[in-house]
Amino acid sequence: VPLTEAVDPVDLEDYLITHPLAVDSGLLRDLIEFPPDDIEVVYSPRDCRTLVSAVPEESEMDPHVRDCIRSYTEDWAIVIRKYHKLGTGFNPNTLDKQKERQKGLPKQVFESDEAPDGNNYQDEQDDLKRRSMSIDDTPRGSWACSIFDLKNSLPDALLPNLLDRTPNEEIDRQNDDQRKANRHKELFALHPSPDEEEPIERLSVPEVPKEHFGQRLLVKCLSLKFEIEIEPIFASLALYDVKEKKKISENFYFDLNSEQMKGLLRPHVPPAAITTLARSAIFSITYPSQDVFLVIKLEKVLQQGDIGECAEPYMIFKEADATKNKEKLEKLKSQADQFCQRLGKYRMPFAWTAIHLMNIVSSAGSLERDSTEVEISTGERKGSWSERRNSSLVGRRSLERTTSGDDSCNLTSFRPATLTVTNFFKQEGDRLSDEDLYKFLADMRRPSSVLRRLRPITAQLKIDISPAPENPHYCLTPELLQVKLYPDSRVRPTREILEFPARDVYVPNTTYR
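The shown structure was predicted, so the numbers you read here are calculated from the model rather than taken from an experiment.

Criteria and cut-off values
Residues numbered from 1 in each chain as written. Predicted model: local features only at pLDDT ≥ 70, side-chain atom pairs only at ≥ 80, totals over all residues. Heavy atoms only, no water. 1 Å grid on protein atoms, 1.4 Å probe; cavity = no way out; pocket = protein on both sides within 12 Å on 5 of 7 lines; lining within 4 Å. Points joined across faces, edges and corners; volume = space filled by probe spheres on them. Nonpolar A, V, L, I, M, F, W, Y, C, P; charged D, E, K, R; others polar. Helix = DSSP H or I, 4+ residues; strand = E, 2+ residues; numbered from the N terminus. Buried < 20%, exposed > 50% of the residue type's maximum accessible area, 1.4 Å probe, protein only. Expected span 1.5 Å × (residues − 1). Arc of directions from axis to C-beta. Polar contact = N/O pair within 3.5 Å; in protein donor to acceptor, adjacent residues only side chain to side chain. Contact = heavy atoms within 4.5 Å.

**Topic: the layout of surface pockets**
- Of the pockets and cavities examined, the largest pocket occupies roughly 1100 Å³.
- Lining the largest pocket are 40 residues, and of these Asp47, Cys48, Arg49, Glu211 and Phe213 sit closest to its centre.
- Of the residues contributing to the lining of the largest pocket, the split by class is 19 nonpolar, 10 polar and 11 charged.
- Around the second largest pocket sit 30 residues that line it, and Phe234, Asp255, Val269, Ala272 and Thr276 are the ones nearest its centre.

**Some thoughts on unusual backbone geometry**
- With phi around 55°, lysine 245 is a residue other than glycine that occupies positive phi space.
- Looking at where lysine 245 falls in the secondary structure, it is placed in the loop between β4 (233-241) and β5 (246-247).
- Phi angles above zero are rare outside glycine, and leucine 480 is one such case at about 65°.
- With respect to the element layout, leucine 480 can be found in the loop between β14 (475-476) and β15 (494-497).
- When its relative accessible area of 37% is taken as the criterion, leucine 480 is described as partly exposed.

**A short note on helix α10 (residues 326-343)**
- With 18 residues, α10 extends 25 Å from end C-alpha to end C-alpha; this agrees with the ideal 26 Å at 1.5 Å per step.
- Three or more residues of α10 are buried, namely Leu329, Leu332, Ala336, Phe339 and Cys340. Take α10 and look down its axis: the buried residues cluster within an arc of 100°, on one side only. Seen from the open side of α10, the exposed residues pointing more than 90 degrees away from its buried face are Glu327, Lys331 and Arg342.

**What to know about the side chain of lysine 300**
- Within the element layout of this structure, lysine 300 appears in strand β8 (residues 292-301).
- Reaching out from lysine 300, the side chain makes a polar contact with the side chain of glutamate 231 at a distance of 3.1 Å.
- Setting aside residues no more than four positions away along its own chain, lysine 300 makes contact with Glu231, Pro232, Ile233, Phe234, Cys310, Tyr314, Tyr346, Arg347, Met348 and Phe350.

Following this line, the structure appears as structure tokens:
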């Protein structure tokens, strides 16, 4: 083989296959053969969150489709390795164990480990030169230089019995006794553990695959009230990430209209299924940050005219002036009734607002009460805040915005908060896109005159925000399947809202949707 050619290492598995072991290999046979009792395969039933499986029935399917479907329903096959901990992939050599093993060992100090002292080293060199004055005059490596080095060097200790004739067996026995004397019981364990970043082998035991959930947030919609009530208003919630410029959840639609307002749409809207009556939702956030907003959008029945004209009555009339403006309000109700009769199936944008989610979380988490009531007014100063007790015994005090790092973005341990949103922004007819929304949300986080130019609509929306419980009752998946612990099908449900993570989440092939 040419010296310049790289030689591949021996493939141990191939070598063992092509060179079968002799029957009487002795003790070494256990080192080479695969232990027959190492692997055990057990089957664990797959857990299903819902009362009914989301996987379709297998009837009338092609065989290959049926096999794909079974990958979501078959039991887990779990491989248990009995001797896994003895391999290099599992290294129990921690720093504490190393120190424990090294107790009582004599400290080894070698010449190469000692840093030479500058003064002593110089004195030794001067002394050496005095004893061999002509050493500088002799060429390095010459016979004369070797003589000088030999004369000036200290003699080694004599080796006793060096020339005695001793049988090889006796020498082996003496060496064996010397090796056993004061021998450490875990000699190889004294070797430092390999670098964790560059392991030779990594054999981590995987967790059982399951559906991915981020940090879960429960939002309950309590009431929605305007200064005047002339037509049904429909609301929806969704999460947006301003930094990523992405919508990170699907919409959650909820209906807080009175029975009188719902009656205006009876010719167009069929009897509501129980799944559509949800007023509470569970949002999942895999990457919580200071850039996440809860956006609330309002819609109304489609009617003739520009959005601004349709929203004008809500900005002009006040509840206190209802008696004075009775005729005008009756006329508006009559017009709304006509539009509901003709166009009750169709919707148009009406208003919107946004809640900076982490402000709520950090403010609620810093309070020393079981629950908090927070009022958010978008009309005074872009999300300026005030906070009050439920009993109104304590005056308002401002809550400064917190924009610390992501360490404060914990959605699992803050105190539940009741929010009262008092103002909405009128929807601009030429600013309906998500790009316009991202600009507005960015302006909500800094002093800006952009939002001040938007005319507010006075309203009162009350919502509860709290960490989602581990196993909520009466919960529906995004596919409207009942999650286990669903005692009564007639109870108003809570909806799980599907997340669209801002960045990829790698949990493939675990759930069928």
